[in-house]
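One letter stands for each residue in the lines below.
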Amino acid sequence: MFRSFYAIVLLLGLAVAGCDSTVGASNVPSSPGVVSSAELRDTASIQFRHADAINALRASRGLNQLSFSQALNSAALTHARDMALQQRAWHFGSDRSNPQSRAVRAGFGGRILGENISESFDGDIATLQNWLADPGAARLILSSEATAVGFGWFQEPTGKIWWVQLIGTTGRPGSV
């Protein structure tokens, strides 16, 4: 029930955000989207809210539901921590890994379609809204090939959060 509630809230938020020309990535704290360290410790709730929001949007467009992959969650978390260490939001690991190689290392047997990343003070839903406002990121989230999603983050003591979303398809190994 709560998962459905969050999905509806996200869809309403996206409708309102579509009317706001200020939607986009931000590196300064904003009040409604900012998430506390205590909230971020509730990993399962945030991951399920993220999946429910994506799946509600996908369902509204007639697309298949994405399932959570523990391997992709692990790869996303590892990359979020690595980006924080590098102080750089980018798709390459400090060991020169790419999204596909990190997913395979974490045990994912499919193909990575793409990776969305963010460095911000925004919460998970605001970050998802920012990705949906970006045509490339939205195309990945709404890919008809997608079957699996992973989501991870790392928060610095300053409050800055490094977000990583991996989207893939199971059953067809290959490279990015």
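Per chain, the residues get numbers from 1 upward, laid out in the order the sequence is written. The predicted nature of this model means local features are confined to residues of pLDDT at least 70 and side-chain atom pairs, given and counted, to a pLDDT of 80 or more, with totals for whole chains, interfaces and linings taken over all residues. Water and hydrogen atoms play no part in the side-chain values, which are based on all heavy atoms of the structure.

**Some thoughts on the pattern of salt bridges**
Inference 1: Salt-bridge detection follows one rule: a side-chain nitrogen of Lys or Arg within 4 Å of a carboxyl oxygen of Asp or Glu. Applying the stated criterion to the full structure yields four salt bridges.
Inference 2: Of the charged contacts, one joins E119 and K160 as a salt bridge, the two residues approaching to 3.0 Å between their closest N and O atoms. Here E119, found in strand β2 (residues 111–120), pairs with K160, found in the loop between β3 (148–155) and β4 (161–169); they are 41 residues apart in sequence, far enough to count as distant.
Inference 3: Relative accessibility decides the category of a residue: with a 1.4 Å probe and only protein chains considered, values under 20% of the type maximum give buried, values over 50% give exposed, and everything between is partly exposed. A relative accessible area of 16% means that K160 is categorised as buried. Where helices and strands are cited, they refer to DSSP runs of H or I of at least four residues and of E of at least two residues respectively, numbered from the N terminus.

**What about the packing of aromatic side chains?**
Inference 1: By convention, a stacked pair of Phe, Tyr or Trp rings (six-membered ring in the case of Trp) has centres within 6.5 Å and planes under 30 degrees apart, an edge-to-face pair has planes over 60 apart, and any other such pair is tilted. Within this structure, the stated rule accounts for five aromatic pairs.
Inference 2: Ring geometry for W131 against F151: centres 6.4 Å apart, planes inclined by 90°, an arrangement best described as edge-to-face. Of this pair, W131 sits in helix α6 (residues 124–133) while F151 sits in strand β3, placing them 20 residues apart in sequence. The residues W131 and F151 share a single accessibility class, namely buried.
Inference 3: Relative to W163, the ring of F151 has its centre 5.5 Å away and its plane inclined at 10°; by these criteria the two rings are stacked. Of this pair, F151 sits in strand β3 while W163 sits in strand β4, and the two are twelve residues apart along the sequence. For the pair shown, F151 and W163 are each scored as buried.
Inference 4: Counting every residue linked through ring pairs, the aromatic cluster contains W131, F151, W153 and W163.

**Here's the deal with the nonpolar core**
Inference 1: Here, the term nonpolar core denotes a set of buried Ala, Val, Leu, Ile, Met, Phe, Trp, Tyr and Cys residues that are joined through side-chain atoms within 4.5 Å. Counting residues in hydrophobic clusters, the biggest one holds 20 residues, and the most contacted among them are L128, W131, I141 and I167.
Inference 2: Listing elements by their share of this core, those giving two or more residues are α3 (43–60), α6, α7 (135–141), β3 and β4.
Inference 3: The contact criterion used is simple: two residues touch if any of their non-hydrogen atoms lie within 4.5 Å. Beyond its immediate chain neighbours, meaning those up to four positions away, I167 contacts L66, I112, L113, G114, L140, I141, A146, A148 and V149.

**Examining α6**
Inference 1: Most of α6 is tucked away, with eight of its ten residues classed as buried.
Inference 2: Within α6, the full set of buried residues consists of D124, A126, T127, L128, Q129, N130, W131 and L132.

**Overview of the environment of D124**
Inference 1: Within the element layout of this structure, D124 appears in helix α6.
Inference 2: Owing to a relative accessible area of 4%, D124 belongs among the buried residues under this scheme.
Inference 3: In this structure, D124 is in contact with I46, R49, F151 and W163, ignoring residues within four places of it in sequence.
Inference 4: A polar side-chain atom of D124 sits 2.7 Å from a polar atom in the side chain of R49. N or O atoms closer than or at 3.5 Å make up a polar contact, with two conditions inside protein: a donor-capable atom paired with an acceptor-capable one, and, for residues adjacent in sequence, both atoms drawn from side chains.

**A short note on helix α4 (residues 70–86)**
Inference 1: Under the convention used throughout, the expected extent of a helix is 1.5 Å for every residue step, that is, one less than its residue count. Counted at 1.5 Å a residue, the expected span for α4 with its 17 residues is 24 Å, and the 24 Å between its end C-alpha atoms agrees.
Inference 2: Taken together, the buried positions of α4 are A71, L72, N73, A75, A76, H79, A80, D82, M83 and A84.
Inference 3: In this fold, the buried residues of α4 make contact with α3, β1 (67–68), α5 (99–105), β2, β3 and β4.

**A look at the sheet that holds β1**
Inference 1: A pair of strands counts as paired when DSSP detects no fewer than two bridges linking them. In space, the four strands of this open sheet follow the order β1-β3-β4-β2, with mixed pairing throughout. Because the sheet does not close on itself, it has two edges, and the strands there are β1 and β2.
Inference 2: Both β1 and β3 contribute to a ladder of two bridges, which runs parallel. By the bridge assignment for β3, S67 is matched with A148.
Inference 3: Where α3 meets the sheet, it contacts β1, β3 and β4, and its direction lies at approximately 135° from that of β3.
Inference 4: Along the sheet, α6 contacts β2, β3 and β4; its crossing angle with β4, the most-contacted strand, is approximately 60°. Axis angles are defined between N-to-C directions and span 0 to 180 degrees, where every axis is a line fitted to C-alpha atoms and, for a helix, only to the segment in contact.

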